[in-house]
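These are the residues of each chain, in order.
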Amino acid sequence: AQSVTQPDIHITVSEGASLELRCNYSYGATPYLFWYVQSPGQGLQLLLKYFSGDTLVQGIKGFEAEFKRSQSSFNLRKPSVHWSDAAEYFCAVAGVGGFKTIFGAGTRLFVKA
Amino acid sequence: SAVISQKPSRDICQRGTSLTIQCQVDSQVTMMFWYRQQPGQSLTLIATANQGSEATYESGFVIDKFPISRPNLTFSTLTVSNMSPEDSSIYLCSVEESSVGGYEQYFGPGTRLTVT
């Protein structure tokens, strides 16, 4: 069955430090992969996506993610975190042929001064 | 990218009543989705609404509880019927747009529902 796992429920990083949020998926073929961010009281905003091609994708707000087929992973990274990055981050997987988007449980990011 | 608005943004309702949530998109879209996000949880798809056809509900969700309308390509409503405290959640509307090589989903700001 298709699934998305975000192993970390919450992560705390210092402002200016680097960030990596983990995401593992289970899917029979190469899926479409997404990262979304949800700030308190807000809807979801698309940070970046992977469909095919270059496995390192760039997104908005200085985020990037790398697709690793061998590890079934799509980890999100940012070299230097800002206080405004504190939010909930969701990894999602989708595909063609009627396979609807499945969201991970989310990772809440806390940023300390 | 599509811009989506929802009304109301939040509401507090008594059990046994119903609430209709509106979703308006600034462009014509084929597929619209309704999600539920329970407190501290991830998103769960309630149903997919295509204009001109009956909504398709996911396992665990039924039309009598969550009737959906899709009268045109820019608008949809979700009704939460006969509410109980377990229905307290954020309800999100979403649309899908084609993108190079695939597609993207965009979300409304959500409707925060509290049932007392």
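Source: prediction; values computed, not measured. (Residues numbered from 1 in each chain as written. Chains lettered and ligands numbered in written order. Predicted model: local features only at pLDDT ≥ 70, side-chain atom pairs only at ≥ 80, totals over all residues. Heavy atoms only, no water.)

### Re the confidence of the model for chain B
Okay, so step 1: This prediction gives chain B a mean pLDDT of 93; 100% of its residues lie at or above 70.
Okay, so step 2: By mean pLDDT, the top-scoring element of chain B is strand β3 (residues 19-25) of chain B (98), and the lowest-scoring one is strand β10 (residues 102-107) of chain B (88). (pLDDT = per-residue confidence, 0-100. Helix = DSSP H or I, 4+ residues; strand = E, 2+ residues; numbered from the N terminus.)

### A closer look at the pairing of strand β5 (residues 32-38) of chain A
Residue and element names in this part refer to chain A.
Okay, so step 1: In terms of residue burial, β5 counts as a mostly covered element, since seven of its seven residues are buried.
Okay, so step 2: Side chains Tyr32, Phe34, Tyr36 and Gln38 project from β5 onto one buried face, and the interleaved Leu33, Trp35 and Val37 project onto a second face that is buried too.
Okay, so step 3: Note that β5 and strand β10 (residues 87-94) share seven bridges and pair antiparallel. Of the residues in β10, the one forming a bridge with tryptophan 35 is cysteine 91.
Okay, so step 4: One ladder, built from six bridges, connects β5 with strand β6 (residues 44-50); its direction is antiparallel. Residue tryptophan 35 lies in a different strand from β6, and its bridge partner there is leucine 48.
Okay, so step 5: If you look at the hairpin formed by β5 and β6, you'll find five residues sitting between the two strands, and glycine 41 has a positive phi there, around 75 degrees. (Buried < 20%, exposed > 50% of the residue type's maximum accessible area, 1.4 Å probe, protein only. Pairing = 2+ DSSP bridges.)

### Observations regarding the sheet that holds strand β7 (residues 68-72) of chain B
Residues and elements named next belong to chain B.
Okay, so step 1: Judged by pairing direction, the sheet is antiparallel, and its four strands sit side by side in the order β1-β3-β8-β7 without closing on themselves. Taken across any chain shown, the strands that pair with only one partner, and hence form the sheet edges, are β1 (4-7) and β7. When the angles between neighbouring strand axes are averaged without regard to direction, this sheet yields 15 degrees.
Okay, so step 2: Strand direction decides the pairing type here: β1 and β3, joined by four bridges, are antiparallel. (Axes fitted to C-alpha atoms, helices over the stretch in contact; angles between N-to-C directions.)

### Topic: the pairing of strand β4 (residues 31-37) of chain B
All names here are of chain B.
Okay, so step 1: For β4, a buried count of six out of seven residues is recorded, marking the element as mostly surrounded by other parts of the structure.
Okay, so step 2: Bridge count for β4 against strand β5 (residues 43-50) is seven bridges, and the pairing is antiparallel. Residue pairing for β5: methionine 32 is matched across the bridge by alanine 49.
Okay, so step 3: Counted between consecutive antiparallel strands, the loop separating β4 from β5 contains five residues, among which glycine 40 sits at a positive phi close to 70 degrees.
Okay, so step 4: Bridge count between β4 and strand β9 (residues 89-99): six bridges; the pairing is antiparallel. Bridging from a neighbouring strand, methionine 32 pairs with valine 95 of β9.

### Concerning the pattern of salt bridges
Okay, so step 1: The final tally for this structure, using the stated rule, is eight salt bridges over all chains.
Okay, so step 2: Two residues, Lys100(A) and Glu58(B), come together in a salt bridge whose shortest N-O distance is 3.7 Å. Placement of the pair is Lys100(A) in the loop between β10 and β11 (102-103) and Glu58(B) in the loop between β6 (56-57) and β7, with the two residues belonging to separate chains.
Okay, so step 3: What makes Glu58(B) partly exposed here is its relative accessible area of 23%.
Okay, so step 4: Across the pair Asp87(B) and Lys65(B) runs a salt bridge whose closest N-O atoms are separated by 2.6 Å. Here the residue Asp87(B) occupies a position in the loop between β8 (75-80) and β9, and Lys65(B) occupies one in the loop between β6 and β7, the gap between them amounting to 22 residues. (Salt bridge = Lys/Arg side-chain N within 4 Å of Asp/Glu carboxyl O.)

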